[in-house]
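Coordinate analysis (summary)
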Amino acid sequence: MNTINSISNQKLRWRVFNDKLFSIVMMTLAFISAVPLISILYQLIKKGYKQVRLSFFIEVAPDTMEAMMAKVNHEIIPGGIANGIVGTLIIVGMASLIAIPLGLTTGIYLSESSKNKMANIVRFVVDMLQGVPSIVLGVIAYIWVVKPITSGFSALAGSVALSIMMLPSIIRSTEETLKMIPPTLKEAALSLGVPYYKTVLKVLLPTGMSGISTGIILGISRIAGETAPLMLTALGSSAINLDITQPSSAIPLLVWEFYNDPNLVNLIWGASLILLLIIFLLNIVAKAISKKWKVQY
Amino acid sequence: MESTILNKTDDKIIQIESPILNIDKLSVSYGGDKYSIMDVSAGIQKNKITAIMGPSGCGKSTLLRAINRMHELYPDTHHKGSITLAGENIYKINPIELRRKIGMVFQRPNPFPTMSIYDNVIAAYKLNGIKLKKSEKDEIVERSLREVGLWDETKDALHKKGTFLSGGQQQRLCIARALAYKPEVILLDEPTSALDPIATAKIEDLLVNLKKNYTIILVTHNMGQAARISDHSMFMYLGELVEYGKTKKMFTTPKDERTEAYLTGKFG
């Protein structure tokens, strides 16, 4: 039975071997790409877990003298990152307040008038915006807000910089989600005599809610860790600040400050750990929402 | 000479006495000088099922959509001629108001996926922000679901999502949704083309029952369906209304050779 179509045993074994080799190489490379994240988490937990106590969340950052004393006495550095946590919440919260309505309406506009010339220009600009370095956005917010509006560094200026940064992700995810909704749903609503704006707000938006909110949360998680634009805008503050026209701290700013102070440098691990966990949490929430609110057409 | 030609065309298009809808020399274009339907004139009789047949691209959906102005969703449409609903020019009525009087059901079942069965039925009220008492809502939901024969199947699951129903049930839900506002006319655009034969038969029975209270216009590419349930039939070809008459008469003795060719399966 040695026809031209039959495969010899040796060749067959070679093929099976190749198959196995390929799967093993794939698995190894996939594992390697997961290593950095795992090792980052390991490092942060190993070096930072001692710092993360209740006081770490409710006390403000220590000054360099307190930290030095603790270091001399071989104690854990006192204080925490409460000023950073509150600052991040306020700055990111306000950035979301600015960016979400703006991003949603722009996304709706782009998906509803997809072939329009104006829409094409907006879409192009939004894509460009995505690539603008974050430090440049800091400079812009400095010129727009720090100088003329708050006449000094402020949380508001930080929010403006971050809101510009999160706009593209909200706009594009809104546009893409709405485009996936079958046009017959829109027709169904319009054929019931529902005005166009109500069709968009009450039918299309709820139907796309899962994709849109995922985009928003990923946008938030992207800006929560931003440092560079805040250096030029929010600047930092050693106390908890609730006034948006005043300089404010943020967790990534604290990490930078700790790094620059030899007495405080050990605090960077705990602070980074908390920042990373917040961003993880946001990502997990985003995944859960996209799964739970998924709409079946 | 001229009058005989006129008589000949008149012969192919029946005259309806006191029609609820009157289409008068209607031409619709999706842009430019190319018209998807040309010079269509026809009256639609109240409480009857009128079927619109023809090969794909003949303009049957365009004609249907022109009746509740859904064709205007495309950006560059324009039209000539007019349609009157109970004597009123529909192009002078606000489309939002018009569509509440002329309901529509689409090719694929399209219940609102975020809404329950209950909310889907009263969607027209809900989305338009019309406040109703709980008892009024209950009454509308039950009446509409009974009208489409879906009440017994869904009365215990009214608060489940409409998308959990089978395709045929979903389509009946969409009909119930269109009926909830008590429209005068219901337009159906190939409502059974995505359904299996059993679900199709149920919808056909349902439509025959519904004509007591509503005027029904049905686009179908299924000649059998038109023959089974419609009272009047239109045959359209290349944007022209070729023949319009009583269904039984048209299927047995078509007057135009194109109608005959279509009905005998020579094209389409």
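The sections below set out a description of the structure shown in this document. (Residues numbered from 1 in each chain as written. Chains lettered and ligands numbered in written order. Predicted model: local features only at pLDDT ≥ 70, side-chain atom pairs only at ≥ 80, totals over all residues. Heavy atoms only, no water.)

1. Things to note about the interface of chain A and chain B
Opposite the 19 residues of chain A that make contact, chain B presents 26 residues. Between chain A and chain B the total buried area reaches about 1,900 Å² when both faces are included, carbon and sulfur atoms providing 65% of it. Together, A:Glu187, A:Ser191 and A:Leu192 form the three largest contributors to the area buried by chain A at its contact with chain B, with a combined 32%. Where chain A meets chain B, there are one salt bridge. The shortest N-O distance in the salt bridge between A:Glu187 and B:Arg65 comes to 3.1 Å. Counting every contact that joins chain A to chain B gives five residue pairs in polar contact (both at pLDDT 80 or more). At seven residues, helix α8 (residues 183-191) of chain A tops the list of elements feeding residues into the side of chain A that touches chain B. For the side of chain A that touches chain B, a count of residues per class yields 11 nonpolar, five polar and three charged. (Contact = heavy atoms within 4.5 Å. Buried area = accessible area lost by both parts, 1.4 Å probe. Salt bridge = Lys/Arg side-chain N within 4 Å of Asp/Glu carboxyl O. Polar contact = N/O pair within 3.5 Å; in protein donor to acceptor, adjacent residues only side chain to side chain. Helix = DSSP H or I, 4+ residues; strand = E, 2+ residues; numbered from the N terminus. Nonpolar A, V, L, I, M, F, W, Y, C, P; charged D, E, K, R; others polar.)

2. Let's talk about the sheet that holds strand β6 (residues 102-105) of chain B
Residue and element names in this part refer to chain B. The strand order across the open sheet built from six strands is β6-β7-β8-β3-β9-β10, with neighbouring strands paired in mixed fashion. Edge positions in the sheet fall to β6 and β10 (240-246), since each has one partner strand and no second. The sheet shows a mean angle of 20° between the axes of neighbouring strands, taken without regard to direction. Bridge count between strand β7 (residues 185-189) and strand β8 (residues 215-219): five bridges; the pairing is parallel. Bridged to valine 185 within β8 is threonine 215. Where helix α2 (residues 60-67) meets the sheet, it contacts β3 (49-53), β6, β7, β8 and β9 (232-237), and its direction lies at approximately 150° from that of β7. In the packing of helix α8 (residues 167-179) onto the sheet, contacts are made with β6 and β7, and the angle to β6 comes to roughly 170°. (Pairing = 2+ DSSP bridges. Axes fitted to C-alpha atoms, helices over the stretch in contact; angles between N-to-C directions.)

3. Brief notes about the layout of surface pockets
Space left empty within the atom packing is revealed by a probe, the size of a water molecule, rolled over the atoms. Residues and elements named next belong to chain A. Here the largest pocket defines a volume of roughly 640 Å³. Residue assignment for the lining of the largest pocket shows that the elements contributing at least two residues are α4 (82-112), α7 (155-180), α8 and α9 (196-207). If you tally residues by element for the lining of the largest pocket, the top one is α8, at three residues. Of the residues contributing to the lining of the largest pocket, the split by class is nine nonpolar, three polar and five charged. (1 Å grid on protein atoms, 1.4 Å probe; cavity = no way out; pocket = protein on both sides within 12 Å on 5 of 7 lines; lining within 4 Å. Points joined across faces, edges and corners; volume = space filled by probe spheres on them.)

4. Structural notes on the packing of aromatic side chains
Each aromatic ring pair is characterised by the separation of its centres together with the angle its planes make. All names here are of chain A. Here the structure, examined in full by the defined rule, presents eight aromatic pairs over all chains. Their ring planes at 85° and their centres at 6.3 Å tell us that phenylalanine 56 and phenylalanine 57 sit as a pair that is edge-to-face. Residue class for phenylalanine 56 comes out buried when judged on its relative accessible area of 0%. Between the aromatic rings of tyrosine 142 and phenylalanine 153, the centroid separation amounts to 6.0 Å while the plane-to-plane angle is 45°, which identifies the pairing as tilted. Of this pair, tyrosine 142 sits in helix α6 (residues 134-146) while phenylalanine 153 sits in the loop between α6 and α7, placing them 11 residues apart in sequence. (Phe/Tyr/Trp six-rings, centres within 6.5 Å; stacked < 30°, edge-to-face > 60°. Buried < 20%, exposed > 50% of the residue type's maximum accessible area, 1.4 Å probe, protein only.)

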